[in-house]
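Close look at the chain arrangement
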2 protein chains.
Amino acid sequence: MNIRPAVSTDDEAIWAMLEPIFRAGETYCLPRDISRADALAYWSGGTHDVFMAEDDSGPTGTYFICPNQQGGGAHVCNCGFVTAEAARGKGVARAMLAHALETARNAGYRAMQFNFVVATNTRAIAIWEDNGFDIVGRIPGAFNSPQHGYVGALVMYRQL
Amino acid sequence: MNIRPAVSTDDEAIWAMLEPIFRAGETYCLPRDISRADALAYWSGGTHDVFMAEDDSGPTGTYFICPNQQGGGAHVCNCGFVTAEAARGKGVARAMLAHALETARNAGYRAMQFNFVVATNTRAIAIWEDNGFDIVGRIPGAFNSPQHGYVGALVMYRQL
């Protein structure tokens, strides 16, 4: 598996990976009917640096990394990860996280924080915990899941 | 004390209240050298509804209220509060919080969340706790305080 910085010609592949996840509405706090343009702006806009994971079959995942806050909070980074549906269960998320942790260290960040991990996203939570993230916050009823109704969200954090 | 929706002619008064707080850099995650335009965009832009507190002497505080997340997180609101330096210790923050809780209930929000309360901001934390907010997260070393170095940040939350 190769992971490299995204370029503008990756937009179609990124949208193809984001669309089913955002439409399902189970893990990201976005309108389920978000447009392609708004979704790509959310993923790649502002201070986000975007990466693509790919293997011989094509794109397998994408992630962004950005400062979690400005000013006095800019030493902590944030990331978002999406694995292509066809590539699930192949270790794509673990590989992207390892790449993100290395990218973050090289950029001088002191910690990585996930602000809103939906409590039903147990696969992601297990991967983050396996990789040194602690649950530092539990927000009750913070997410209205299409499938499960109101569920909690976790704040997860690790030093670098 | 009167609290009312802000209008565009309040910008100068809002900036006069924000500037010393943002320049001090002890409570908000913003660049300490933020411009007036960027500060007003941060306070009043996007989905923020802004209110002004005032008494016979003039403006005493300002707050915004907005959805804390989009999509499945849009039932939780977020707020920011600033009290004019000359009006500290007069119950302005408590009055604005009470107004914000009522505004949030009327807008149909189910909860209010503060994502990043700097742990050294003990006066604010005491007011939020007195008014039913729980500390649901503690993020170690999340804030680089000009006065205190790396300190924690709290996630605070209450149902409405």
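Analysis parameters
- In every chain, residue numbers begin from 1 and rise along the written sequence.
- Here the convention is simple: chains get letters from A, ligands get numbers from 1, in the order in which they are written.
- For a predicted model such as this one, the threshold for reporting local features is a pLDDT of at least 70, and the threshold for listing and counting side-chain atom pairs is 80 or more; totals across whole chains, interfaces and linings nevertheless cover every residue.
- Numbering of helices and strands runs from the N terminus; a helix is a DSSP stretch of H or I covering at least four residues, while a strand is a stretch of E covering at least two.
- Each radius of gyration is computed over the set of C-alpha atoms, and the globule rule expresses the reference value as 2.2 Å times the number of residues to the power 0.38.
- Buried means a residue has 20 or more other C-beta atoms within 10 Å of its own C-beta, exposed means 12 or fewer, and partly exposed covers the counts in between; C-beta atoms are placed from the backbone.
- For two strands to count as paired, DSSP must find a minimum of two bridges between them.
- Look down the strands so they point away from you; if the path from the first strand over the helix to the second goes clockwise, the crossover is right-handed.
- Remark: residues whose backbone-derived C-beta atoms lie within 7 Å of one another are considered to be in contact.
- Nonpolar residues are Ala, Val, Leu, Ile, Met, Phe, Trp, Tyr, Cys and Pro. Charged residues are Asp, Glu, Lys and Arg, and all others, Gly as well, are polar.
- Axis geometry follows a simple rule: fit a line to the C-alpha atoms, using only the stretch in contact for helices, then measure angles between N-to-C directions, giving values from 0 to 180 degrees.
- An angle below 35 degrees is treated as roughly parallel, one above 145 as roughly antiparallel, one from 65 to 115 as roughly perpendicular, and anything else as oblique.
- Here the copies were fitted onto each other by least squares, based on C-alpha atoms from residues at pLDDT of at least 70 in both.
- Definition of nonpolar core: a set of buried Ala, Val, Leu, Ile, Met, Phe, Trp, Tyr and Cys residues joined via C-beta atoms within 7 Å.
- The predictor rates its confidence in each residue with pLDDT, a number between 0 and 100.
- Each helix should span, by expectation, one fewer than its residue count multiplied by 1.5 Å.
- Bend angle per residue: angle between axes fitted to the 7 residues ending at that residue and the 7 residues starting there.
- As used here, the arc belongs to the directions running from the helix axis to the C-beta atoms.

Regarding its fold elements, chain A presents 4 helices and 7 strands. Ordered by position from N to C terminus, the α and β elements of chain A give β-α-α-β-β-β-α-β-α-β-β. Here chain A has a C-alpha radius of gyration of 15 Å; the compact-globule value for 160 residues is 15 Å, and the two agree. In terms of overall dimensions, chain A has a C-alpha envelope of 40 × 40 × 30 Å along the principal axes.

Residue and element names in this part refer to chain B. Taken across its 8 residues, strand 5 (residues 111-118) has 7 buried, putting it largely inside the fold. Pairing of strand 4 (residues 76-83) with strand 5 involves 2 bridges; the strand directions are parallel. Within strand 5, the residue paired with V76 across the bridge is A111. Remark: the strand 4/helix 3 (residues 92-106)/strand 5 crossover connection has right-handed handedness. Where strand 5 and strand 7 (residues 149-159) come together, 6 bridges link them in antiparallel fashion. From the neighbouring strand, F114 faces strand 7, where its bridge partner is M156.

Attention shifts here to the interface of chain B and chain A. Taken together, the contacts link 27 residues of chain B with 27 residues of chain A. Among the secondary structure elements, those contributing two or more residues to the side of chain B that touches chain A are strand 5, strand 6 (134-145) and strand 7 of chain B. The element contributing the most residues to the side of chain B that touches chain A is strand 6 of chain B, with 9 residues. Split into classes, the residues belonging to the side of chain B that touches chain A amount to 13 nonpolar, 12 polar and 2 charged.

Residue and element names in this part refer to chain B. For the pair helix 1 (residues 11-24) and helix 2 (residues 36-44), interaxial distance at closest approach is 10 Å and the crossing angle is 100°. In this view, helix 1 runs roughly perpendicular relative to helix 2, as classed from their interaxial angle. From helix 1, D11, I14, W15, L18 and F22 reach across to helix 2, where they touch R36, A39, L40 and W43. Counted by class, the contact of helix 1 with helix 2 contains 7 nonpolar, no polar and 2 charged residues.

What follows is about the relation of the copies chain B and chain A. Relating one copy of the chain to the other takes a rotation about an axis and a shift parallel to that axis. Once turned by 180° and shifted 0.0 Å along the axis, chain B lies on chain A with an RMSD of 0.0 Å. What we have between these two chains is a two-fold relation. Of every C-alpha in chain B, the one belonging to B:G137 sits nearest the axis of rotation, 1.8 Å from it. Interface overlap between copies: 100% of the residues of chain B at the interface are likewise at the interface in chain A, consistent with a symmetric, same-surface contact.

Turning our attention to the nonpolar core. Within the largest apolar cluster, 98 residues are counted, with the highest numbers of intra-cluster contacts made by A:M96, A:M156, B:M96 and B:M156. When residues no more than four places from it in sequence are discounted, the contact partners of B:M156 are B:F114, B:V117, B:W128, B:F133, B:D134, B:I135 and B:V136.

This part covers the confidence of the model for chain A. Residues at a pLDDT of 70 or more form 100% of chain A, whose mean pLDDT is 97. Predicted complex metrics record ipTM = 0.93 and pTM = 0.95.

So, about helix 1 (residues 11-24) of chain A. Residues and elements named next belong to chain A. Compared with the 20 Å implied by 1.5 Å per residue over 14 residues, the 20 Å span of helix 1 between its first and last C-alpha is a close match. The largest bend along helix 1 measures about 30° and falls at L18, with the proline P20 one to four residues further on. Against helix 2 (36-44), strand 3 (58-67) and strand 4 (76-83) lie the buried residues of helix 1.

We now examine the environment of B:C79. Residue and element names in this part refer to chain B. Residue placement: C79 occurs in strand 4. You can call C79 buried: it has 21 C-beta atoms within 10 Å. Separated by 33 residues in sequence, C79 and M112 have C-alpha atoms that sit 7.8 Å apart. Once residues lying within four places of it in the same chain are set aside, the contact partners of C79 are Y63, F64, I65, A100 and M112.

This next bit is on helix 3 (residues 92-106) of chain A. For an α-helix, 3.6 residues make a turn, and residues three or four places apart therefore share a direction. Residue and element names in this part refer to chain A. Look at helix 3: 21 Å from first C-alpha to last across 15 residues, which is about the 21 Å you get at 1.5 Å a residue. V92, A93, M96, L97, A100, T103 and A104 are the residues of helix 3 that are buried. Projected down its long axis, helix 3 shows its buried positions confined to an angular sector of 125°, all on one face. Structural note: helix 3 exposes E102 and N106 on the side pointing more than 90 degrees away from its buried face. Contact partners of the buried residues in helix 3: strand 1 (2-5), strand 2 (49-55), strand 3, strand 4, strand 5 (111-118) and helix 4 (122-130). With its phi angle positive at about 90°, G108 sits one or two positions after the end of helix 3.

The next point concerns the pairing of strand 7 (residues 149-159) of chain A. All names here are of chain A. Of the pairings in the sheet, the one linking strand 6 (residues 134-145) to strand 7 comprises 8 bridges and is antiparallel in character. Bridge pairing in strand 7 links I139 to A153. In sequence, strand 6 turns back onto strand 7 through a hairpin of 3 residues.

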